[in-house]
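# Structural characterization, general
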Amino acid sequence: MKPYSELTREELLELKKDLSAQYHAFQGKDLKLDMSRGKPSVEQLDLSMGMMDVLNSDCDLTCEDGTDCRNYGVLDGIREAKELLGDMIEVPADNIIIYGNSSLNVMYDTISRSMTHGVMGNTPWCKLDKVKFLCPVPGYDRHFAITEYFGIEMVNVPMTEEGPDMDIVEELVSKDESIKGIWCVPKYSNPTGNSYSDQTVRRFARLKPAAADFRIYWDNAYSVHHLYDDDQDNLIEILAECKRAGNPDLAYKFSSTSKISFPGSGIAAVATSHNNLEDIKKQLRMQTIGHDKVNQLRHVRYFKNIHGMVEHMRKHAEILRPKFEAVEAILERELGGLGIGSWTSPKGGYFISFDSMDGCAKDIVAKCKKAGVVMTGAGATYPYGKDPHDSNIRIAPSYPPLQDLITATELFALCVKIVTVNKLLGATK
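A brief report on the enclosed structure follows. (Residues numbered from 1 in each chain as written. Predicted model: local features only at pLDDT ≥ 70, side-chain atom pairs only at ≥ 80, totals over all residues. Heavy atoms only, no water.)

Okay, the sheet that holds strand β9 (residues 268–271) next. Taking strand neighbours across the sheet as the criterion, the eight strands line up as β2-β9-β8-β7-β6-β3-β4-β5 in an open arrangement whose pairing is mixed. The sheet terminates laterally at β2 (96–98) and β5 (163–164), the two strands that pair on one side only. Both strand β6 (residues 179–184) and strand β7 (residues 215–219) contribute to a ladder of four bridges, which runs parallel. By the bridge assignment for β7, C184 is matched with W218. Most of the contacts of helix α5 (residues 141–149) go to β6, to which it runs at about 160°, and overall it touches β3 (132–137), β4 (153–160), β6 and β7. (Pairing = 2+ DSSP bridges. Helix = DSSP H or I, 4+ residues; strand = E, 2+ residues; numbered from the N terminus. Contact = heavy atoms within 4.5 Å. Axes fitted to C-alpha atoms, helices over the stretch in contact; angles between N-to-C directions.)

A few words now on the pairing of β4. Both β3 and β4 contribute to a ladder of six bridges, which runs parallel. Across the sheet, P136 pairs through a bridge with V157, a residue of β4. Sheet topology note: the β4/β5 ladder contains two bridges and is antiparallel. Bridging across to β5, T160 finds its partner in G163. Between β4 and β5, which pair antiparallel and follow one another directly, the connecting turn spans two residues.

What follows covers the pairing of β6. Most of β6 is tucked away, with six of its six residues classed as buried. The pairing of β3 with β6 spans three bridges and is classified as parallel. What sits directly across from K132, in β6, is I179. In this region the chain leaves β6, passes through helix α7 (residues 198–205) and returns to the parallel neighbour β7; the handedness of that crossover is right-handed. (Buried < 20%, exposed > 50% of the residue type's maximum accessible area, 1.4 Å probe, protein only. Right-handed = clockwise from strand over helix to strand, strands pointing away.)

This part takes up the packing of helix α6 (residues 166–175) against α7. Running from amino to carboxyl end, α6 crosses α7 at an angle of 0°, the nearest separation of the two axes being 11 Å. With respect to each other, α6 and α7 are oriented roughly parallel. Taken together, the residues of α7 that come into contact with α6 (itself represented by M166, D167, V169 and E170) are T200, R203 and F204. Split into classes, the residues belonging to the contact of α6 with α7 amount to three nonpolar, one polar and three charged. (Parallel < 35°, antiparallel > 145°, perpendicular 65-115°, else oblique. Nonpolar A, V, L, I, M, F, W, Y, C, P; charged D, E, K, R; others polar.)

The next subject is unusual backbone geometry. A cis amide bond, omega 0°, links V137 with the succeeding residue P138. Relative to the elements of secondary structure, P138 occurs in the loop between β3 and α5. In this model, N190 is joined to P191 through a cis peptide bond whose omega is 10°. Position of P191 among the secondary structure elements: in the loop between β6 and α7. If you check the backbone angles, D30 has positive phi at about 55° while not being a glycine. By the secondary structure assignment, D30 is in the loop between α1 (9–27) and β1 (33–35).

That's the geometry; what it means functionally is another story.
What follows is the structure, encoded as structure tokens:
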């Protein structure tokens, strides 16, 4: 079929009639499918069930250095866990603090601490007239929710295939002292699935911020989340690059095992410079005597080392890969060549980013919901939920069973067609 923009009004009306009949057929299926968040499927959760068997009442819960994991202490996490996550995110164990189950919690704490107590002796943000954060868009809604919660003004920066538009980042950061940070998902970004290029990482490490307390919030959520063995994205390591550039304190690197082991019961970490770590520990000593060392030990005993984790992630990929490929195949089959949408083809991570014609995304998501498929809310990938083009939709293939996912994606493609036809008809009265 030729592109929709080339169809006459009569052809559009005829097409609308056919599409409406298809939509009513979907409504008759009484679907109840959820593609709203990037949750691991039940099959993926089952992969980690062996973790429940590595510790029992007969086990020695003592670390290699003699620490009894049942007791208080070890503020920054057991050595074995620091080494495991250090290998996962390519940083030395000495540069890591192990937390509880959520890296989002660590990011929240980092913003909160900066608000109330400042960063390394700088003025607490709550005492400043204005605080701003750069937000690459489309981006991760929960990042934006944190900065919005603290009343921080968010500034959109367009994402490219190589990462945030660094010309804009460099100019804003160098000229505006009120800009205190930037949110980043550098590998298999949420939602595009794109990874930052080597040049982008190098430019980040060489930023010259006007604010002494500016930090890069490097959320390395998908560091080992590849879909393919033979075609993977690889990043320059940001902390080492910052050190080489003479900016050792510029970045915080966050990570967790949330989509590796159990999302609700993993371990999280922050990696950064010695100076930043000491600054963080001032708060941490007041907040806790130490996080769950038994869970840290459980992860170490189960994975043993980074090689065990890599093999485990191959099993995740075997479950996820057919789902991503199914979504992309359906989008290509149903929408390819019509000029009414574009989408990313990531090599890893948890999302596919779809862009409709301007002004269509909210209607597409609403129409899907009306027929029984819940998508991520349109606008969620932008600060304040406001997509200026009303075009971006995040597709999360991971959670539904494959056959349900196929049905949901076919409905999604149909809704894209219907909403676009209505849009074009409205413009050709």
